[in-house]
Amino acid sequence: MGYTLNFAAVWRSFDQLLEGLLLSLGLAFVSILIGAVIGLLVAFALIAKSGWIQRPAATYVTIIRNLPILVLVLFAYFALPQMGVRLGKIESFVAVLSIYSGAYLAEVFRAGLISIPKGLTEAGLAIGLTPMQIRVSIIVPLMLRNVLPSLSSTVISLFKDTSLAAAIAVPELTFEARKINVETFRVIETWIVASGLYVATCSVLAALMRMVERRLAVPR
C-alpha cells in the first residue's frame, strides 16, 4: 500500500507543537538553572578534603548517573504520592530533571575546578580575600569559562531529555506531537515536523553556546 505525504493536518495544529516546544524550553531552562546550583555545590563537595562531605556527594552522583531518567520520572510522579509527597506533573518533572542535571553538571564542574591552578587561591589569600570571595570572584568564573564546551553538550542533552515528560502527560513537544498523531493519523508527517523542531532548536542552542564561548575565550 502506498502512503502519500500530506502535511495539511499537521500545519493546522502547528501552534500546538510550538506551545509544546516553548514548554520544553521552559522545563529545560528552569531545570538547568536549579541543576547548576546543585551541581556547583556538589562539585565543591567532591573536591573537599573532608570525607564526610565528599562521600555523600559522590554517592549522589553515582546513583543518579546510573539510573535511567525515565525511572526517576515515574518514581517521582507515581511512587512519591504513596509516601505522602504529592507534586504536580510539571513540578515533579522539573524536580527530577534538576536533580538529574545536577549530578551530570557536578562532574562537569568538578573537572573545571581541578583544572584551576592552586596558585590562584594562594594569590587571593595573599591579597586578603576570604575563601568564599576567592571562590565567587575567581574560581567559579574561570571554571565556567573552562567547561563551556562540555556545558554546551550537557545543556542540549538535557533539553532533549524533556521529551520524557510525555510519559506523565506533561504537554511538551513530544506529548503534543503524539496527540496530533492520534487525532490526525498522519504518523510520518507529525514526527517529521516534531523532529525538525527538535533539530532546529538544538542547532540554535548550539550556536548560542558557541557564541558565548567565543566571547569568553581568552585571547591568544
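Cut-offs used in this document
Residues numbered from 1 in each chain as written. Predicted model: local features only at pLDDT ≥ 70, side-chain atom pairs only at ≥ 80, totals over all residues. Heavy atoms only, no water. Helix = DSSP H or I, 4+ residues; strand = E, 2+ residues; numbered from the N terminus. Buried < 20%, exposed > 50% of the residue type's maximum accessible area, 1.4 Å probe, protein only. Contact = heavy atoms within 4.5 Å. Areas by Shrake-Rupley, 256 points an atom, 1.4 Å probe, with all protein chains shown as cover. Lys, Arg positive; Asp, Glu negative; His and termini not counted. Charge placed at Lys NZ, Arg CZ, Asp CG, Glu CD. Axes fitted to C-alpha atoms, helices over the stretch in contact; angles between N-to-C directions. Parallel < 35°, antiparallel > 145°, perpendicular 65-115°, else oblique. Left-handed = near helix turned anticlockwise from the far one by under 90°. 1 Å grid on protein atoms, 1.4 Å probe; cavity = no way out; pocket = protein on both sides within 12 Å on 5 of 7 lines; lining within 4 Å. Points joined across faces, edges and corners; volume = space filled by probe spheres on them. Nonpolar A, V, L, I, M, F, W, Y, C, P; charged D, E, K, R; others polar. Core = buried A, V, L, I, M, F, W, Y, C linked by side-chain atoms within 4.5 Å. Salt bridge = Lys/Arg side-chain N within 4 Å of Asp/Glu carboxyl O. Polar contact = N/O pair within 3.5 Å; in protein donor to acceptor, adjacent residues only side chain to side chain. UniProt positions renumbered as here; feature names shortened; annotations may be inferred. Phe/Tyr/Trp six-rings, centres within 6.5 Å; stacked < 30°, edge-to-face > 60°. Lys NZ or Arg CZ within 6 Å of the ring centre and 35° of its normal.

A.B. asks: What's the story with the overall build of the protein in this structure? I'm lost.
C.D. replies: Summing up its helical and strand segments, the protein has nine helices and zero strands in all. Start at the N end of the protein and walk to the C end: the helices and strands fall as α-α-α-α-α-α-α-α-α. In terms of its C-alpha atoms, the protein occupies a principal-axis envelope of roughly 75 × 50 × 25 Å. Taking all 220 residues of the protein together, the buried fraction comes to 38%. Sequence separation of at least 24 residues holds for 78% of the intrachain contacts in the protein that already meet a minimum separation of 6. Summing over all exposed atoms, the protein offers an accessible surface of approximately 12600 Å²; the carbon and sulfur share of this is 68%. The distance from the centre of the 18 positive side-chain charges to the centre of the 11 negative ones in the protein is 11 Å.

A.B. asks: Is there a simple way to explain the packing of helix α2 (residues 14-46) against helix α5 (residues 89-114) in this structure?
C.D. replies: In contact at an axis separation of 5 Å, α2 and α5 are set at 45° when each is read in the N-to-C sense. Here α2 lies oblique to α5, going by the angle between them. Between α2 and α5 the crossing geometry is right-handed.

A.B. asks: Whenever I open this one, the layout of surface pockets confuses me. Can you help?
C.D. replies: Rolled over the atoms, a probe as big as a water molecule pinpoints where empty space is left. By volume, the largest pocket amounts to about 580 Å³. As for the largest pocket, its lining consists of 16 residues, and the residues nearest its centre are Ile47, Lys118, Thr121, Arg135 and Ile139. Elements represented by at least two residues in the lining of the largest pocket include exactly α5, α6 (118-126) and α7 (131-161). Grouping the amino acids of the lining of the largest pocket by side-chain chemistry returns 11 nonpolar, one polar and four charged. Of the pockets and cavities examined, the second largest pocket occupies roughly 360 Å³. Lining the second largest pocket are 14 residues, with Phe29, Ile32, Leu33, Val155 and Met209 positioned closest to its centre. Only α2, α5, α7 and α9 (187-216) provide two or more residues apiece to the lining of the second largest pocket.

A.B. asks: Please clarify how the nonpolar core should be interpreted in this entry.
C.D. replies: Generally speaking, a soluble globular protein has its nonpolar side chains buried in company with each other. Ranked by internal contacts, the top residues of the largest apolar core, which has 49 residues, are Leu17, Phe93 and Phe109. Of all the elements in the fold, those that place two or more residues in this core are α2, α4 (69-79), α5, α7, α8 (173-184) and α9. Broken down by element, this core gets its largest block of residues, 11 residues, from α7. The residues touching Phe109, leaving out its near neighbours within four places in the chain, are Ala36, Gly39, Leu40, Ala43, Met143, Leu144, Val147 and Leu151. Residues Val42, Ala57, Val61 and Ala106 belong to the second largest nonpolar core, which totals six residues.

A.B. asks: Could you clarify how one ought to interpret the pattern of salt bridges in this entry?
C.D. replies: Between side chains of opposite charge, a pair can form when the charged atoms approach closely. Per the stated rule, a full pass over the model turns up three salt bridges. Between Glu107 and Arg110 there is a salt bridge whose closest N-O contact spans 3.3 Å. Remark: Arg110 and Glu107 occur in helix α5; sequence separation between them is three residues, near one turn of the helix. Across the salt bridge formed by Glu176 and Lys179, the nearest N and O atoms sit 3.4 Å from each other. Residue Glu176 and its partner Lys179 are located together in helix α8, separated by three residues, close to a single helical turn. Take Lys179: its relative accessible area is 32%, and that puts it in the partly exposed class.

A.B. asks: I keep staring at the side chain of Arg186 and nothing clicks. Help me out?
C.D. replies: By secondary structure assignment, the location of Arg186 is in the loop between α8 and α9. Here Glu189 takes part through its side chain, which lies 2.7 Å from a polar atom of the side chain of Arg186. Arg186 has contacts with Tyr3, Thr4, Leu5, Asn6, Ala9, Val10 and Asn181, leaving out every residue within four places of it along the chain.

A.B. asks: Before we go on, may I ask you to explain the UniProt feature "transmembrane region" (unreviewed entry) in the protein in this structure?
C.D. replies: Mapped onto this numbering, the UniProt entry gives "transmembrane region" (unreviewed entry) at residues 20-48, 60-80, 92-113 and 191-212. Along residues 20-48 the backbone is 93% helical and 0% strand, and the end-to-end C-alpha distance reaches 41 Å.

A.B. asks: Please explain the packing of aromatic side chains as it appears in this structure.
C.D. replies: Ring pairs (aromatic) are described by centroid distance and by the angle formed between their planes. According to the stated counting rule, one finds five aromatic pairs in the structure shown. Between Tyr77 and Phe78, the aromatic rings sit 5.0 Å apart at their centres with planes inclined by 80°, giving edge-to-face as the arrangement. Tyr77 gets classed as partly exposed once you look at its relative accessible area, which sits at 25%. Three or more aromatic residues link up through ring pairs in this structure, and these residues are Phe7, Trp11 and Phe14. One residue, Arg65, lies across the ring of Tyr104, its end atom 4.7 Å from the ring centre.

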